[in-house]
Number of protein chains: 2
Amino acid sequence: MDFRLTDMTDAEIEQELSVVEPLANSVRELIDAVIRTEVDDDRLNAAREQIEAVVESLREQQKPGSYGVPFTKTLHGMPYGNAAVGARNAIAPPLRIEHHPDGSATSEVTLGAAYEGPAGLVHGGVSAMLLDQLLGEAVSVGNGTPCFTGTLTVKYLRPTPLGPLSLNAVTTGNEGRKFFARAELCDAEGPTVVAEGIMISPANHPRHEEIKRLRAELSE
Amino acid sequence: MDFRLTDMTDAEIEQELSVVEPLANSVRELIDAVIRTEVDDDRLNAAREQIEAVVESLREQQKPGSYGVPFTKTLHGMPYGNAAVGARNAIAPPLRIEHHPDGSATSEVTLGAAYEGPAGLVHGGVSAMLLDQLLGEAVSVGNGTPCFTGTLTVKYLRPTPLGPLSLNAVTTGNEGRKFFARAELCDAEGPTVVAEGIMISPANHPRHEEIKRLRAELSE
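Predicted, not measured: the structure shown is a model, and the values here were computed from it.

A closer look at the overall build of chain A
Looking only at helices and strands, one finds four helices and six strands in chain A. In sequence order, chain A lays out its α and β elements as α-α-β-β-α-β-β-β-β-α. In terms of overall dimensions, chain A has a C-alpha envelope of 60 × 45 × 25 Å along the principal axes. Across chain A, the fraction of contacts at a sequence separation of at least 24, relative to all contacts at a separation of at least 6, is 63%. Surface summary for chain A: the accessible area is close to 9,500 Å², and the carbon and sulfur share equals 51%. Charge separation in chain A, taken as the distance between the mean sites of 19 positive and 32 negative side-chain charges, equals 6 Å.

Right, dumping it as structure tokens:
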């Protein structure tokens, strides 16, 4: 895994996001529209040709491979390509996660047609994905460096309707580099899915040591 | 949950897919291009405006809500909006699942930049989503009606690189309406993530009774 510091300033990053976030949002709308549209084949084919032209224009200059997770000079991660939270990734709702002083993490999200599994319901795998992200962030922020999921256990209490939902996660304990956490996905009536995670902090990973060292230097 | 029979013929469905699948594929390319592009802001803004125009054109006639899972007259499900396998859903890779005579299910898939979690690696939640889908299909096809995930346990053995991957799932046993199944996600070196699922067949659900009855009628 790479640990890459970007030389962009915070103002440059903010400028980039101000352009890229509305672009990714337009693609989110497009994903939804392609699922639900009932226009005729001529119009569908015309849409495809227009999209192919946009793709060609965007690909004239592009990063090889994937976006990765570069860090700002002030050591904030930029997971803009992330499948759950990435500002540039139209697959991500995106989940916007709030961290609280008690170490818990919460998020409000509205899931539309693109997140469907059974008719009218959130795909069980999507629920697992969002809960995994929240567990990881609750533990990672508490621990100060990224943690990886070791084991994820997801219990489906009842169907989760598409629409407005909320999530919460909290670290429940640790044994050395193993952290335990619990998260819930809720609709207006309460929890629909609960998850428990055993998250691993790879303490000896050079990337994390470097982040810790750089953070310490910055705070001096 | 609705159980909806479409009055489309198989030929009409095939015609629809021949137009809609390439359209969804163009959106998959677009998602990737938006993550990786490095063109300037003017071009990004122009891309957004073009996409917004396509969305407007597609939305002139559209289904309310989500796509749902209509059934053909020959009782094949059409989960075209599904987040993991949906032909119309650009969030889905889509997973194309093969069912084998021994009851196992397999799939080959290539995951690009849109499925990233840690730099260069598949998001752990994406792995969980794909494994959940495969477990559900292995059990559902074996049981003859849709099953729902009750509990999903996912163990991450090592990081999963973005790129070509394979999945397999098999039902390992059952107790009444509870089915047990096991699935693996593998790269070229072997399994990277394993999952166990307890899947529930809601035997008394009117939808399933109706499907079984219609299937019996069809086979007479």
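The rest of the description comes next.
Points about the relation of the copies chain B and chain A
For the pair chain B and chain A, the best superposition has an RMSD of 0.0 Å and corresponds to a rotation of 180° with a translation of 0.0 Å parallel to the axis. Those values place the two copies in the arrangement expected of a two-fold rotation axis. Scanning chain B for the C-alpha nearest the rotation axis identifies Thr 153 of chain B, at a separation of 2.2 Å. The share of interface residues of chain B whose copies in chain A are also at the interface is 100%, consistent with both copies meeting through the same surface.

Observations concerning the interface of chain B and chain A
On the chain A side, the residues contacting the 80 residues of chain B number 80 residues. Across the chain B-chain A interface, the total number found is seven salt bridges. Arg 43 of chain B is the partner of Glu 60 of chain A in a salt bridge, and the nearest nitrogen-oxygen pair spans 2.7 Å. On the surface where chain B and chain A come into contact, there are 40 residue pairs in polar contact (both at pLDDT 80 or more). Among the elements of the structure, helix 1 (10–36), helix 2 (41–58), helix 3 (124–143) and strand 3 (148–156) of chain B are those that each provide at least two residues to the side of chain B that touches chain A. Ranked by residues supplied to the side of chain B that touches chain A, first place goes to helix 1 of chain B with 16 residues. When grouped by side-chain class, the residues that make up the side of chain B that touches chain A number 40 nonpolar, 24 polar and 16 charged.

A closer look at the environment of Val 20 of chain A
Among the structural elements, Val 20 of chain A can be located in helix 1 (residues 10–36). Residues Val 20 of chain A and Arg 88 of chain A, spaced 68 residues apart in sequence, show a C-alpha to C-alpha distance of 6.2 Å. Excluding anything up to four places from it in sequence, Val 20 of chain A contacts Ala 87 and Arg 88 of chain A together with Leu 44 of chain B.

Concerning helix 2 of chain B
With 18 residues, helix 2 of chain B extends 26 Å from end C-alpha to end C-alpha; this agrees with the ideal 26 Å at 1.5 Å per step. Within helix 2 of chain B, the full set of buried residues consists of Leu 44, Ala 47, Arg 48, Ile 51, Val 54, Val 55, Ser 57 and Leu 58 of chain B. Elements in contact with the buried residues of helix 2 of chain B: helix 1 and helix 2 (41–58) of chain A together with helix 1 of chain B.

Some remarks on the nonpolar core
Counting residues in each nonpolar core, the largest one holds 120 residues, and the members touching the most others are Leu 30 and Ile 31 of chain A together with Leu 30 and Ile 31 of chain B. Ignoring sequence-local partners within four residues, the contact set of Leu 30 of chain B consists of Val 27, Leu 30, Ile 51, Val 54, Val 55 and Leu 58 of chain A together with Ile 51 of chain B.

Rules of the game
Numbers given for residues are sequential positions, taken from 1 along each chain in its written order. Starting at A for chains and at 1 for ligands, labels are handed out in the order in which the entities are written. In keeping with the predicted nature of the model, local features appear solely for residues at pLDDT of at least 70, side-chain atom pairs appear and are counted solely at 80 or more, and the whole-chain, interface and lining totals rest on all residues. Excluded from the side-chain calculation are hydrogens and water; included are all heavy atoms of the structure. Starting at the N terminus, helices and strands are each numbered in turn, a helix being any DSSP run of H or I of at least four residues and a strand any DSSP run of E of at least two. Residue contacts are defined here by distance: any two heavy atoms, one from each residue, within 4.5 Å place the two residues in contact. The Shrake-Rupley method, run with a 1.4 Å probe, gives the accessible areas here. Residue values count only the displayed protein chains as cover. In this count, Lys and Arg are taken as positive residues and Asp and Glu as negative ones, while His and the chain termini are left out. Think of each charge as sitting on NZ of Lys, CZ of Arg, CG of Asp or CD of Glu. Our superposition of the copies is a least-squares fit, built on the C-alpha atoms of residues whose pLDDT is at least 70 in both. Salt bridges are defined by distance alone: a side-chain nitrogen of Lys or Arg within 4 Å of a carboxyl oxygen of Asp or Glu. Throughout this description, a polar contact denotes any pair of N or O atoms lying within 3.5 Å of each other; where both atoms belong to protein, one of them has to be capable of donating a hydrogen while the other can accept it, and for residues adjacent in sequence the pair is counted only when both atoms sit in side chains. Side-chain classes follow a simple rule in which Ala, Val, Leu, Ile, Met, Phe, Trp, Tyr, Cys and Pro form the nonpolar group, Asp, Glu, Lys and Arg form the charged group, and the remainder, Gly included, forms the polar group. Expected span of a helix: the number of residues minus one, times 1.5 Å. Note on classification: 1.4 Å probe, protein chains only; a residue is buried when its accessible area is under 20% of the maximum for its type, exposed when over 50%, partly exposed between these limits. As used here, the term nonpolar core means buried Ala, Val, Leu, Ile, Met, Phe, Trp, Tyr and Cys residues forming a set that is joined through side-chain atoms within 4.5 Å.

The values reported here are purely geometric and, on their own, carry no functional implication.
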